[in-house]
Amino acid sequence: MNTAVIHSLADWPLIFLTLRIVLTTLFWSDVFLGIAKFNDFAGAVQRAGLPYPRFVAAAAIVFLSVTSLLVITNFNQWGWIAASALVVFTLLTIPYGHAFWTFPQPRRAQELHFVLEHISVVGGLLLLIAVFLSNAGVSPV
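Note that the structure is a prediction, hence the values are computed from the model and not measured.

Conventions we followed
Residues numbered from 1 in each chain as written. Predicted model: local features only at pLDDT ≥ 70, side-chain atom pairs only at ≥ 80, totals over all residues. Heavy atoms only, no water. Axes fitted to C-alpha atoms, helices over the stretch in contact; angles between N-to-C directions. Helix = DSSP H or I, 4+ residues; strand = E, 2+ residues; numbered from the N terminus. Parallel < 35°, antiparallel > 145°, perpendicular 65-115°, else oblique. Left-handed = near helix turned anticlockwise from the far one by under 90°. Contact = heavy atoms within 4.5 Å. Nonpolar A, V, L, I, M, F, W, Y, C, P; charged D, E, K, R; others polar. Expected span 1.5 Å × (residues − 1). Buried < 20%, exposed > 50% of the residue type's maximum accessible area, 1.4 Å probe, protein only. Arc of directions from axis to C-beta. 1 Å grid on protein atoms, 1.4 Å probe; cavity = no way out; pocket = protein on both sides within 12 Å on 5 of 7 lines; lining within 4 Å. Points joined across faces, edges and corners; volume = space filled by probe spheres on them. Salt bridge = Lys/Arg side-chain N within 4 Å of Asp/Glu carboxyl O.

**A closer look at the packing of helix α6 (residues 79-97) against helix α7 (residues 107-135)**
Moving on, step 1. At a minimum axis distance of 9 Å, the contact between α6 and α7 shows a crossing angle of 165°. If you check the angle between α6 and α7, you find them roughly antiparallel. Relative to α7, α6 is oriented so that their crossing is left-handed. Facing α6, whose interface residues are Gly79, Trp80, Ala83, Ser84, Leu86, Val87, Thr90, Leu91, Thr93, Ile94 and Gly97, α7 presents Glu111, Val115, His118, Ile119, Val122, Leu125, Leu126, Ile129, Phe132 and Leu133.
Moving on, step 2. Taken together, the residues of the contact of α6 with α7 break down into 14 nonpolar, 6 polar and 1 charged.

**A closer look at α6**
Moving on, step 1. End to end, α6 covers 26 Å across 19 residues, agreeing with the expected 27 Å (1.5 Å per residue, within 8%).
Moving on, step 2. For α6, the complete set of buried residues consists of Gly79, Ala82, Ala83, Leu86, Val87, Thr90, Thr93 and Ile94. Along the axis of α6, the buried positions cluster into a sector of 150°, meaning they face one direction only.
Moving on, step 3. Residues of α6 that are buried sit in contact with α3 (25-36), α5 (53-73) and α7.

**Some remarks on the environment of Ser68**
Moving on, step 1. Among the structural elements, Ser68 can be located in helix α5.
Moving on, step 2. What makes Ser68 buried here is its relative accessible area of 0%.
Moving on, step 3. Residues Ser68 and Ile21, 47 residues apart in the sequence, show an inter-C-alpha distance of 8.3 Å.
Moving on, step 4. When neighbours within four sequence positions are excluded, Ser68 is seen to be in contact with Thr24, Phe27, Trp28 and Leu86.

**Side note on the layout of surface pockets**
Moving on, step 1. Its boundaries defined by the atoms lining it, the largest pocket holds a volume of some 1,100 Å³.
Moving on, step 2. Contributing to the lining of the largest pocket are 35 residues, with Phe41, Ala44, Thr93, Gly97 and His98 lying nearest its centre.
Moving on, step 3. When contributions to the lining of the largest pocket are tallied by element, the ones reaching two or more residues are α3, α4 (38-47), α5, α6 and α7.
Moving on, step 4. The element best represented in the lining of the largest pocket is α6, accounting for 7 residues.
Moving on, step 5. Partitioning the lining of the largest pocket into residue classes produces 21 nonpolar, 7 polar and 7 charged.

**What about the pattern of salt bridges?**
Moving on, step 1. Per the stated rule, a full pass over the model turns up 1 salt bridge.
Moving on, step 2. Between Glu111 and Arg107 there is a salt bridge; the shortest N-O distance is 3.2 Å. Of this pair, Glu111 and Arg107 both sit in helix α7, 4 residues apart, which is roughly one turn of that helix.

**Description of unusual backbone geometry**
Moving on, step 1. Cis geometry is found at the peptide bond from Gln105 to Pro106, where omega equals 0°.
Moving on, step 2. Along the chain, Pro106 turns up in the loop between α6 and α7.
Moving on, step 3. At Asn76, a position not held by glycine, the phi torsion is positive, near 55°.
Moving on, step 4. By the secondary structure assignment, Asn76 is in the loop between α5 and α6.

Dropping the structure here:
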């Protein structure tokens, strides 16, 4: 991997900030919709089979807010940790929220598209983690 390209993102602070904001858009939309329609959000958590749906929904809103804010600000160089947590969260939403293999068509195709979008976001987050670590002086293995 050419680390010079990754490292050069730090030389473009406005573009790098815009990249982080855009990359967290998926999570901010969940935060704002979760707050605006909390009962619907908790209902989705319940349909996913998770316990204590209101508590889990509230915790998810707080988690997504904090991690997205850390990704954007890279406060105390914790952006890579927050991005890593968002990777895990995003991957866990696939079997719990978008288990396309359990649905008949046409919903199966719709859920598969959500999964593919999630995988794309994970790819962007992994690249962002590489940039954060490179900027912090961590060299690739």
